[in-house]
Amino acid sequence: MSDTFSDLDRRDDVIRRQMAQVFDATTDAIVFLDRNYNFIFLNRRAQELLLPGGEVLGRNLFERFPGVVYENSPYVENYRRSMDLGERGEFEAYYPEPLNFWLRVQSYPTDDGIVLFFRDITQERASKEELQRKSEEAERQHAEIETLYQTAPIGLALFDIKDYRYLRLNERQAAFFGLKPEEIVGRTLTEMAPIEGLRDLFDQVRDGAPVINYPLEGTLVTDPTVHRYWTVSYFPVYALDGSIQDITAASLEITQQKKAEQALIQSEKLAAVGRLASSIAHEINNPLEAVTNLLYLARHTADIEEIQQYLQTAEIELRRVSAIASQTLRFHKQSTSPQAITPEQLFESVLSIYQGRIANSGVRINERTRARTPVRCFEGEIRQVLSNLVGNALDAMVGGSGRLLLRTRLATNWRNGEAGVVLTVADTGMGMSDETQAKLFNPFFTTKGITGTGLGLWLSKEMIDRHRGVLRVRSSQSPKHRGSVFSIFLPFDAVLR
Ligand code: ADP
Ligand code: MG
């Protein structure tokens, strides 16, 4: 009997040892707890894991590891469910300093307590978190790009390269047409914007050459009465194999700016007309005063000879008035077609309106014309440019005598070999600082306070550009040769656009 008993005993012993070996061989940490949550067994892996926190065998789980953070539910509940209700549980728990790891805990109820399987999932969680973080970041970036795409104050669109159909577009692009993006997708570029040359631009992009900051103007199919302006950039979109698969388009509407610019031009024109009116009034006033005086004298003398003399002088003065009037009419004749006019005639009419101012200021005029060939141009515009240059020159020579030099000569544009004339307006005035020279052609730049508009040169430059001409300036403030030189090159056929 006792033999049998001790055999069984030995067998139990063997089983226990074998089980202990198996437990030690597994990579899971295995722990037995009694019903009071005291550690009664730890396999090798469990000891390795938990021992850095101090001896655990025989100690209470919760007292030994008080700072553990259990995910989702209070820790006691996780164990209680197994211990009291006999349910299997699985949860994750973080063991803080000095252990610093996440464990996945599986708890199995037994008759005498619970068995716990621990597995270190610190790495696994970290890479999962990293993955999560990355995908959130990608999502956030995508949302950011999408928001930008939708809210950018610029029209954005994607076209196919076969028929140039809209594949995708943002609200702003659709708003050009007063439509929703989905109402436009699938329609073609030229169907929506029948603008001359637009297809050619797209052909160019399809062949690999991007279009950058190109000025486009015209009307849209949805509102053919409004002429609009844009700055557009078109880029090819390359597929992985290097072929062009789509075209992206970014369009900035600048109609408002264009209108404002045109209003400015109009306002400078008005200012020019105002200046012109006051100088004409001034010019006419002098001879008229003379005539009034002469008539008074004639009325108060009986000497017929003397009367004749007075009337003759009065006639000359009146002729001056009439000359000024006819010059003025020419000056403001707004022609729609270009005229042929000699450089000399241009200067002459400009000088006629400044005669009085020039005489009063004591400025001497030095005129030399070498070019007599007429230039085809919009003479009203060129007169306005010259009038502004002469006006600026006189402004620069206030409070002292000076010299106004007007020159014309034949010349060639070295850029393209085109023949034409150069008109030069130079003064011995105050000259310009480097800073002034840098800003000279900016709209609203003036050093004349409220008497200046700062639009004269800006506009002059534009008019000369439109004539395919060149406006140049040199200026010095050195005492020896103080003054400024403005020169305009105009090709003979200045309006061949
Ligand atoms: P505004 O005459 O209304 O000031 P402009 O565009 O004609 O506007 O000229 C801009 C500025 O350029 C002037 O305010 C002045 O400072 C400078 N400027 C132009 N011409 C001359 C000149 N001949 N001599 C000196 N400064 C000049
Ligand atoms: Mg001016």
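Just so you know, these numbers come straight off a predicted model, no measurement behind them.

Caption draft 1: Structural detail: the packing of aromatic side chains. Applying the stated criterion to the full structure yields 21 aromatic pairs. Residues Y37 and Y79 carry aromatic rings whose centres are separated by 6.4 Å and whose planes lie at 80° to one another, so their mutual orientation is edge-to-face. One end of the pair, Y37, is in the loop between β1 (29-34) and β2 (39-42); the other, Y79, is in helix α4 (residues 75-83), with 42 residues separating them in the sequence. The class of Y37 is buried, set by a relative accessible area of 7%. Relative to F91, the ring of Y79 has its centre 5.3 Å away and its plane inclined at 80°; by these criteria the two rings are edge-to-face. Of this pair, Y79 sits in helix α4 while F91 sits in strand β4 (residues 89-95), and the two are 12 residues apart along the sequence. Take Y79 and F91: they sit in the same class, and that class is buried. Every member of this aromatic cluster is reached through a ring pair, and the members are F159, Y164, Y166, F177, F202 and Y234. Sitting over the ring of F65, R64 keeps its end group 5.5 Å from the ring centre. One Lys or Arg, R168, reaches over the ring of Y149 and ends 4.3 Å from the middle of that ring.

Caption draft 2: Just the sheet that holds strand β7 (residues 155-160), in detail. One open sheet accounts for 5 strands, arranged β8-β7-β11-β10-β9; its pairing is antiparallel. Each end of this open sheet is capped by a strand with a single partner; those strands are β8 (166-169) and β9 (211-220). Here the average twist between neighbouring strands, direction ignored, is 30°. By the bridge criterion, 9 bridges tie strand β10 (residues 223-238) to strand β11 (residues 244-253) in an arrangement that is antiparallel. Paired with V232 across the bridge in β11 is S251.

Caption draft 3: Structural view of the sheet that holds strand β16 (residues 418-427). Read from one edge of the open sheet, 5 strands run β13-β15-β16-β18-β17, paired in mixed fashion. Either end of the sheet is taken by a strand with one partner, and the two such strands are β13 (364-369) and β17 (470-476). Here the strands of the sheet are splayed against their neighbours by 15° on average, with no regard to which way each runs. With 10 bridges connecting them, strand β15 (residues 403-413) and β16 associate as antiparallel partners. Of the residues in β16, the one forming a bridge with R409 is V422.

Caption draft 4: Layout of the coordination of the magnesium ion (ligand 2). Of the protein atoms, only N388 (OD1) and N392 (OD1) coordinate the magnesium ion (ligand 2), at distances of 2.3 to 2.4 Å. Note that N388 and N392 are positioned in helix α13 (residues 379-396) at a spacing of 4 residues, about one turn of the helix. Judged by its relative accessible area of 11%, N388 falls in the buried class.

Caption draft 5: The pairing of β7, seen in detail. Inspection of the sheet shows β7 paired to β11 by 6 bridges, in the antiparallel sense. Along β11, the bridge assignment pairs L158 with T248. Sheet topology places β7 next to β8; 3 bridges connect them, and they run antiparallel. Counted as the bridge partner of F159 is Y166 from β8. Count of turn residues in the β7/β8 antiparallel hairpin: 5 residues, of which Y164 carries a positive phi of about 55°.

Caption draft 6: Layout of the packing of helix α12 (residues 343-361) against α13. Their axes nearest at 9 Å, the elements α12 and α13 cross at an angle of 35°. Note that α12 runs across α13; the crossing there is right-handed. Contacts between α12 and α13 involve Q345, L346, F347, S349, V350, I353, Y354, R357 and I358 on the former and, on the latter, E379, I382, R383, L386, S387, V390, G391, L394 and D395. Within the contact of α12 with α13, the residues separate by chemical class into 10 nonpolar, 4 polar and 4 charged.

Caption draft 7: Region of the structure containing the pattern of salt bridges. Applying the stated criterion to the full structure yields 33 salt bridges. R468 is paired through a salt bridge with E418; the nearest N and O atoms lie 3.0 Å apart. Of the two residues, R468 is situated in the loop between α15 (456-466) and β17 and E418 in strand β16; the sequence distance between them amounts to 50 residues. A residue is classified by how much of its surface remains accessible, and R468, at 29% relative accessible area, is partly exposed.

Caption draft 8: The arrangement of the site of ligand 1 in detail. Contacts to ligand 1 come from 20 residues, most closely from T446, T447, K448, T453 and L457. The contact in question runs from an oxygen atom of ligand 1 to an N or O atom on the side chain of T446, over 2.5 Å. S484 places a side-chain nitrogen or oxygen 3.4 Å from a nitrogen atom of ligand 1. In the complex, the protein chains occlude 95% of the 530 Å² of accessible area that ligand 1 would expose alone. Of all elements in the fold, only α13, α15 and β18 (483-491) reach the threshold of two or more residues within the shell around ligand 1. The element that contributes the greatest number of residues to the shell around ligand 1 is α13, accounting for 4 residues.

The rules behind each value
- Residues numbered from 1 in each chain as written.
- Chains lettered and ligands numbered in written order.
- Predicted model: local features only at pLDDT ≥ 70, side-chain atom pairs only at ≥ 80, totals over all residues.
- Heavy atoms only, no water.
- Phe/Tyr/Trp six-rings, centres within 6.5 Å; stacked < 30°, edge-to-face > 60°.
- Helix = DSSP H or I, 4+ residues; strand = E, 2+ residues; numbered from the N terminus.
- Buried < 20%, exposed > 50% of the residue type's maximum accessible area, 1.4 Å probe, protein only.
- Lys NZ or Arg CZ within 6 Å of the ring centre and 35° of its normal.
- Pairing = 2+ DSSP bridges.
- Axes fitted to C-alpha atoms, helices over the stretch in contact; angles between N-to-C directions.
- Donors = N, O, S within 2.8 Å, 3.2 Å for Na, K, Ca; no water.
- Left-handed = near helix turned anticlockwise from the far one by under 90°.
- Contact = heavy atoms within 4.5 Å.
- Nonpolar A, V, L, I, M, F, W, Y, C, P; charged D, E, K, R; others polar.
- Salt bridge = Lys/Arg side-chain N within 4 Å of Asp/Glu carboxyl O.
- Near = heavy atom within 4 Å.
- Polar contact = N/O pair within 3.5 Å; in protein donor to acceptor, adjacent residues only side chain to side chain.
- Areas by Shrake-Rupley, 256 points an atom, 1.4 Å probe, with all protein chains shown as cover.

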